[in-house]
Amino acid sequence: MRKLLAGVGLLLLTSWQLMAQNNKSITGSVNNENGERLANATVRVENPVTHYAVSASSTKDGSFNVAKLPDNGPYNIIVSMIGYETDTLEGNTIPSSGVLTITLTMKLKATSLEDVVVTGYGRSSKRNLIASVTSVPAEEMNVGVLSSPAQMLQGKVAGLNITRSGNPNARPAVLLRGPSTLRTDDGAQEPFYVIDGVPDASPDLVSPDDIASIDILKDASATAIYGARAANGIIMITTKKAKAGQVRVAYNGYIASERVSNRIDMLTGQEFRNYMTSINRSLLPQYDDGSNTDWQDEVQRDGFSHNHNISFSGGSATSNFAASINYLENQGVMKGSALEKITARLSVETRALNDRLKLGLSFLNNTDNKDNIPSQVFGSMINYVPTVGVKNAAGKYNEDVAISWYNPVAYIDNNIDRTKDRKTLINGFAELKLLPFLKYTLSLAAQNHQEDRNLYFNSISMLAPGANGMARRSTYENNKKVLESYFNFDKGFGRHYVQALAGYSWQEDRRGDGFGVRTQNFTTDDLTYNNLYFSNPPNGTVLFDNTGISTLRLISFYGRVNYQFDDRFLFQASLRRDGSSAFGMNNRWGYFPAFSAGWRISKERFMDNVTFIDDLKLRAGYGATGNSLGFPSLIAVYRYDRTGTFYLNGAMANAFGIVQNSNPNLKWEKTATSNIGIDASFLKGRLTATMDYYIKETSDLIATYTVSNTQYVNESLIANVGKIRNTGFEFAVNATPVQSKSFTWKSSFNISTNKNKVVSLSNDVLAVTEFLTAYVGGKGQSGIPKQVLREGYPIGTFNTWHYAGKNQAGLSTFLFADGSVKAAQPTIADHMILGNAQPKFIYGWNNSFTYRNLDLNIFVRGVSGNKILNSTLASLNSPAVTSNPPSNVPQYTIDEGDQVADLFTNLLSDRYIESGSYLRLDNATLGYSLPVKSQYIRKLRLYASVNNAFVITKYRGIDPEINMGGIEPGIDNNNFYPKTRSFIFGVNVIF
């Protein structure tokens, strides 16, 4: 009996102990930063040693209780909630009482109205913005084989039009709210970049994996604080920073296979022979060796790319650091083209004087090694006859310079074009809190850019026939120094809230420090460009680049005031005064003001019972900005250059003279923007929308005009004359249609329109009716323009012949200026306006789905209403194939039934002006986050992605995404590097 009682007692004691062990709990509340309780937050408790994990949700009053934990820990507590940043508290041990009470504070996420947006010399919450600004966090940016931050934004921002080819070495063309200048040099049409507060920094310095967010400042209310460089908008890049008390190591990498997504359908070797027979033509023996060569296959390949990013960050209560290195190798799909990109970043910040002083130092470095191929390859690979092989029986390339018959493979094999591009940015700043509401910031930055280019055309190169090897080497260095000094005031007074900014900026750019030299006649090709000493140049064949060193200085004073009353009425005013050494003596200083106001309608009493609207704000603004981007420092003064040679002391010497007139009245191009917009948030942030309407007018356009040489030394003058207007509408919506414990669907859509018009090109002194552009060329069409800049029409207006179809004889006919229709070649006098390259609207639609550990993202984008001049197809469509040398024929010629007797099939008429509209499945990504049970790995995600999966279009060229930059947009002219389709496999690991 005693043994039985003892056994029962032992059993009860053990059960009690087990119950006690399993009765440990972690309890508390979940709050926002204002101390308000948050319901429906997920609190997950994990033991990193035993891998035990359990979750709970906060109740209506924000409290939570995770009970029946098996031991005292340690435990990691992870709190997450839609619209808020996920936070992790590590190493929590339950005390002997068995209950750990803790308060969890959550910060609003980037998608919320309270998110901090970078606005230029300061920050603002999204809900208090009274300017047109779009913020894109890292998780919403494009993924893929990317070499530029701009590519990450393609299709993501209303009003931002980005076009790019498949060339790994080419920068995309970026236009925000339409073109607003006639200049194209050195990024004159592109937005102004600011990286971590450093203005005019190169975006090449930042790798995609190091970017935390990108803010796009669109209207003058937001951009005018940058004055003379802000007419095309501002792109603010913020890099990732370390979090206090957290050490993190991360690796992001992928491998990718890229292939040409589309190609022009040309005749095969046998099809071409049959075609020649059908038109009663024969091939000379040298043009038919029995081969069946696909020249597009010969110069193209499946490219392999891989990218690796390793980052390391950490911080304490007073200091933090972040470091990363990124390596990208991208084989182009055209043989001979490639990019190797190495980017490094280091940033350190520390606080002192009881957090009143913050010091920071950052270092960014990027090195690009680029291999390029001659542009002639693109036209040659589709023109070359398929009835010959790459080489003849003697092992020599099938080509003949005497008759301009150039082999596309030889273009690649016999020519080298390599560039090493190095950029470095060092920035140091000090931030001193003088008073609780007053802060002073001093920033110093230095940026260095060095470009080394090496070319070698070997002894059999058709690019340098008879030179017996030609080499060119050049090295140039550009240096930029920037100083920013400013005060920030930030204080509330009851129902009043005031922010103020006052500052000074100084910048100096020194450009063109270097030289270039060309020589020829090498004993051997083996050394290529590596030792110019081995050349044996004939007299007069050693040539030096005609370049010079120039220095440009910019000095600025700026200020801004923001005022809020009762969180209902918001006002902002800013003014910047810029001075530039580039402009004329009479106009070196300019003023750039901006004003905006906002009304938070949702705060009015009549909205108290409208519970489904979280925030509703009406805003309007007006401001003026300038465009000094791309200006040489000597644009407004007399400039001397070599004008010829003369006989001096028995030898020929260089003669110098004035090659550019002085214009002391030359000044900035000025852009005035009016913007009205509405921001709205519904259903507790699950639906947000933004709408904007803008009028952007640029005056004092800078262009070159013909003047009388009785008044000026030269017959051309660079002057301010014209005016361009852009008007448009933008709409963006973000929604979370489904949000459950295991499944989430988020969707975002944006669409924008823009109408561009050249308002004027003349004034009382300088007058011109139009500027003729786009001298595309073609058989019998040399010197004939195909676009026009004309008052009342947009940039990129096609001005060419109207195709009237075929007559009864099957010959191409055209409409002449006198109204007649003839089967003859028209003249320039018969040109007429036939559409333009500007799109009517652009759009993007992104959908992301998350189910437990699976995530799927689908992104489509498109363009509608634009036209493309398909000059490539026109040049190919010559049914009457010449015999010496012959050119291949596209399948299009066969399908159209064009006759040999028709000599005008290739004329650049509106027969070849095609719709450029398209819908593209730009990206589809499927990822899986593995349930990691390791104390060393916090996150492990694997993903597969396809870029450019398909495109729906009626365009008959390689791809409708034709470059929209410059003043000759929308022309496909035998120079399009094929777009690629990428298949990517990647991994994201956080340790």
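Analysis parameters
- Residues numbered from 1 in each chain as written.
- Predicted model: local features only at pLDDT ≥ 70, side-chain atom pairs only at ≥ 80, totals over all residues.
- Heavy atoms only, no water.
- Helix = DSSP H or I, 4+ residues; strand = E, 2+ residues; numbered from the N terminus.
- Rg over C-alpha atoms; globule rule 2.2 N^0.38 Å.
- Buried < 20%, exposed > 50% of the residue type's maximum accessible area, 1.4 Å probe, protein only.
- Contact = heavy atoms within 4.5 Å.
- Areas by Shrake-Rupley, 256 points an atom, 1.4 Å probe, with all protein chains shown as cover.
- Pairing = 2+ DSSP bridges.
- Core = buried A, V, L, I, M, F, W, Y, C linked by side-chain atoms within 4.5 Å.
- Patch = residues over 30% accessible without salt bridge, like charges linked within 9 Å, V, L, I, M, F, W, Y side chains within 5 Å.
- Salt bridge = Lys/Arg side-chain N within 4 Å of Asp/Glu carboxyl O.
- UniProt positions renumbered as here; feature names shortened; annotations may be inferred.
- Polar contact = N/O pair within 3.5 Å; in protein donor to acceptor, adjacent residues only side chain to side chain.
- pLDDT = per-residue confidence, 0-100.
- Arc of directions from axis to C-beta.
- Phe/Tyr/Trp six-rings, centres within 6.5 Å; stacked < 30°, edge-to-face > 60°.
- Lys NZ or Arg CZ within 6 Å of the ring centre and 35° of its normal.

S.K.: Is there a simple way to think about the overall build of the chain in this case?
M.R.: Along its length, the chain carries eight helices and 51 strands. Computed over its C-alpha atoms, the radius of gyration of the chain comes to 33 Å, within 12% of the 30 Å expected for a compact globule of 991 residues. Dimensions of the chain, computed from the C-alpha atoms along their principal axes, are close to 120 × 75 × 65 Å. Each of the 991 residues in the chain was classed as buried or not, and the buried ones make up 50%. Across the chain, the fraction of contacts at a sequence separation of at least 24, relative to all contacts at a separation of at least 6, is 69%. Roughly 44500 Å² of accessible area belongs to the chain as shown, and the carbon and sulfur atoms make up 55% of that amount.

S.K.: Which parts of the structure should I look at to understand unusual backbone geometry?
M.R.: With glycine set apart, most residues show a phi of negative sign, and most peptide bonds adopt trans. Residue G73 is joined to P74 through a cis peptide bond whose omega torsion reads 15°. In this structure, D567 takes a positive phi of about 60° despite not being glycine. Turning to its location among the elements, D567 is positioned in the loop between strand 27 (550–565) and strand 28 (569–580). On the basis of relative accessibility, which here comes to 22%, the residue D567 falls in the partly exposed class. Unlike most non-glycine residues, A774 shows phi in positive territory, near 60°. Along the chain, the position of A774 falls in the loop between strand 37 (770–773) and strand 38 (787–790).

S.K.: How should I be thinking about the pairing of strand 41 (residues 812–815) in this particular structure?
M.R.: Pairing analysis gives three bridges linking strand 40 (residues 802–806) to strand 41, with the strands arranged antiparallel. Among the inter-strand pairings, H802 is bridged to a residue of strand 41, identified as L815. Linking strand 40 back to strand 41 in an antiparallel pair, the connection comprises five residues, with G810 at a positive phi of about 80°. From the end of strand 41 to the start of strand 42 (residues 821–822), which pair antiparallel, there are five residues, and G819 there has a positive phi angle of about 95°.

S.K.: I keep staring at the nonpolar core and nothing clicks. Help me out?
M.R.: In summary, soluble globular proteins display a tendency toward joint burial of nonpolar side chains. Counting residues in each nonpolar core, the largest one holds 38 residues, and the members touching the most others are F272, V299, M334 and V377. Looking at this core, the elements with two or more residues in it are helix 3 (269–278), helix 4 (295–299), helix 5 (376–383) and helix 6 (408–413). Beyond its immediate chain neighbours, meaning those up to four positions away, M334 contacts V299, Q300, R301, I373, V377, F378, M381, Y977 and P978. Ranked by size, the runner-up nonpolar core spans 26 residues in total, among them L146, I162, I216 and L364.

S.K.: Sorry, what's going on with a nonpolar patch on the surface here?
M.R.: On the surface, a nonpolar cluster with roughly 770 Å² of combined accessible area is contributed by W599, F606, L618, I676, I678, M691, Y693, I695 and F729. Those elements that provide at least two residues to the nonpolar patch are strand 33 (669–682) and strand 34 (687–706). If you trace the backbone, L618 turns up in strand 30 (residues 613–627). L618 sits in the partly exposed class, given a relative accessible area of 32%.

S.K.: Help me out: how do you make sense of the pattern of salt bridges in this one?
M.R.: Opposite charge on two side chains allows them to pair when their charged atoms are near. On inspection of all chains with the given rule, the structure shows 48 salt bridges. Put simply, K218 and E730 hold a salt bridge, and the shortest N to O gap is 3.2 Å. Highlighted residues: K218 in the loop between strand 15 (211–217) and helix 2 (220–223) and E730 in strand 35 (residues 716–739), separated in sequence by 512 residues. Comparing K218 with E730 shows no difference in burial state: the two are buried. Across the pair R861 and D922 runs a salt bridge, and its minimum N-O distance is 3.2 Å. One end of the pair, R861, is in strand 45 (residues 854–864); the other, D922, is in strand 48 (residues 918–929), and 61 residues separate them in sequence. A relative accessible area of 4% places R861 in the buried class. Overlapping salt bridges bring together R861, R920, D922, D959, E961 and K979 as one network.

S.K.: Would you take a moment to explain the pairing of strand 28 for this structure?
M.R.: Side chains on a regular strand alternate between the two faces of the sheet. Here strand 27 pairs with strand 28 via 12 bridges, running antiparallel. Among the inter-strand pairings, I555 is bridged to a residue of strand 28, identified as G579. If you look at the hairpin formed by strand 27 and strand 28, you'll find three residues sitting between the two strands, and D566 has a positive phi there, around 60°. Sheet topology note: the strand 28/strand 29 (residues 589–600) ladder contains 11 bridges and is antiparallel. Within strand 29, the residue paired with S574 across the bridge is A594.

S.K.: Quick question: what am I supposed to make of the UniProt feature "domain: TonB-dependent receptor plug" (unreviewed entry) in the chain here?
M.R.: Mapped onto the present numbering, the UniProt feature "domain: TonB-dependent receptor plug" (unreviewed entry) falls on residues 126–234. In residues 126–234, the share of helix is 4% and the share of strand is 25%. The end C-alpha atoms are 17 Å apart.

S.K.: Quick question: what am I supposed to make of the environment of L772 here?
M.R.: Turning to its location among the elements, L772 is positioned in strand 37. For L772, a relative accessible area of 35% translates into the label partly exposed. Along the chain, L772 and R790 lie 18 residues apart, while their C-alpha atoms are 8.5 Å from each other.

S.K.: I tried to follow the side chain of Q447 on my own but got confused; where do I start?
M.R.: Among the structural elements, Q447 can be located in strand 23 (residues 438–457). Polar contacts involving the side chain of Q447 include one to the main-chain amide nitrogen of S202, which spans 3.4 Å. In this structure Q447 touches D200, A201, S202, L205, T424, L425, N478, N479 and K480, once residues within four positions along its chain are discounted.

S.K.: Looking at this structure, I do not really get the sheet that holds strand 47 (residues 913–915). What am I missing?
M.R.: Each strand in a sheet pairs with its neighbour through backbone hydrogen bonds, running either in the same direction (parallel) or in the opposite one (antiparallel). With mixed pairing, three strands are arranged side by side in an open sheet as 47-46-50. Two strands bound the open sheet, and with one partner strand each, they are strand 47 and strand 50 (971–972). The sheet contact formed by strand 46 (residues 867–870) and strand 50 spans two bridges and is parallel. If you follow N870 over to strand 50, its bridge partner there is D972.

S.K.: What is the right way to look at the confidence of the model for the chain in this model?
M.R.: Low-pLDDT portions of the prediction should not be read for the details of their coordinates. Averaged over all residues, the pLDDT of the chain is 90; the fraction at 70 or higher stands at 96%. pLDDT under 50 marks residues 7–20. Its contacts with residues more than four places away, or in other chains, come to zero contacts.

S.K.: Explain helix 3 to me, please; I cannot follow it from the model alone.
M.R.: Residues lying three or four places apart along an α-helix face the same way, a consequence of the helix completing one turn every 3.6 residues. Those residues of helix 3 that fall on the buried side of the exposure criterion are G269, F272, R273, Y275 and M276. The buried residues of helix 3 occupy an angular sector of 160° when projected down its axis, which confines them to one face. Residues T277 and S278 are exposed on helix 3 and point more than 90 degrees away from its buried face. Two residues or fewer past helix 3, N280 is found with a positive phi of approximately 60°.

S.K.: Which parts of the structure should I look at to understand helix 5?
M.R.: A large share of helix 5 lies buried, amounting to six of its eight residues. Every buried residue of helix 5 is listed here: V377, F378, G379, S380, M381 and I382. Residues of helix 5 that are buried sit in contact with helix 4, helix 6 and helix 7 (871–876).

S.K.: Even after reading the chapter, I still don't get the packing of aromatic side chains, so can you show me in this structure?
M.R.: Between two aromatic rings, the relevant description is the distance of the centres plus the angle of the planes. Counting across every chain of the model gives 23 aromatic pairs. Look at Y563 and F571: their rings are 6.2 Å apart centre to centre, the planes differ by 20°, and that puts the pair in the stacked class. Classification of Y563 by relative accessible area gives partly exposed; the value is 27%. By relative accessible area, F571 is classed as partly exposed at 41%. For the ring pair W745 and F849, a centre distance of 5.8 Å and an interplane angle of 20° mean the geometry is stacked. Of this pair, W745 sits in strand 36 (residues 743–760) while F849 sits in strand 44 (residues 841–851); the two residues are 104 residues apart in sequence, bridging distant segments of the chain. Grouping aromatic residues by their ring pairs yields a cluster made of Y121, F192, Y226, Y486 and Y558. Positioned above the aromatic ring of Y397 is the side chain of K391, whose terminal nitrogen or guanidinium carbon lies 4.8 Å from the ring centre.

S.K.: Please explain the sheet that holds strand 41 as it appears in this structure.
M.R.: Read across the open sheet, the three strands follow the order 40-41-42; overall the sheet is antiparallel. Each having just a single partner strand, strand 40 and strand 42 make up the two edges of the open sheet. One ladder, built from two bridges, connects strand 41 with strand 42; its direction is antiparallel. Bridge assignment links L815 to a residue of strand 42, and that residue is V821.

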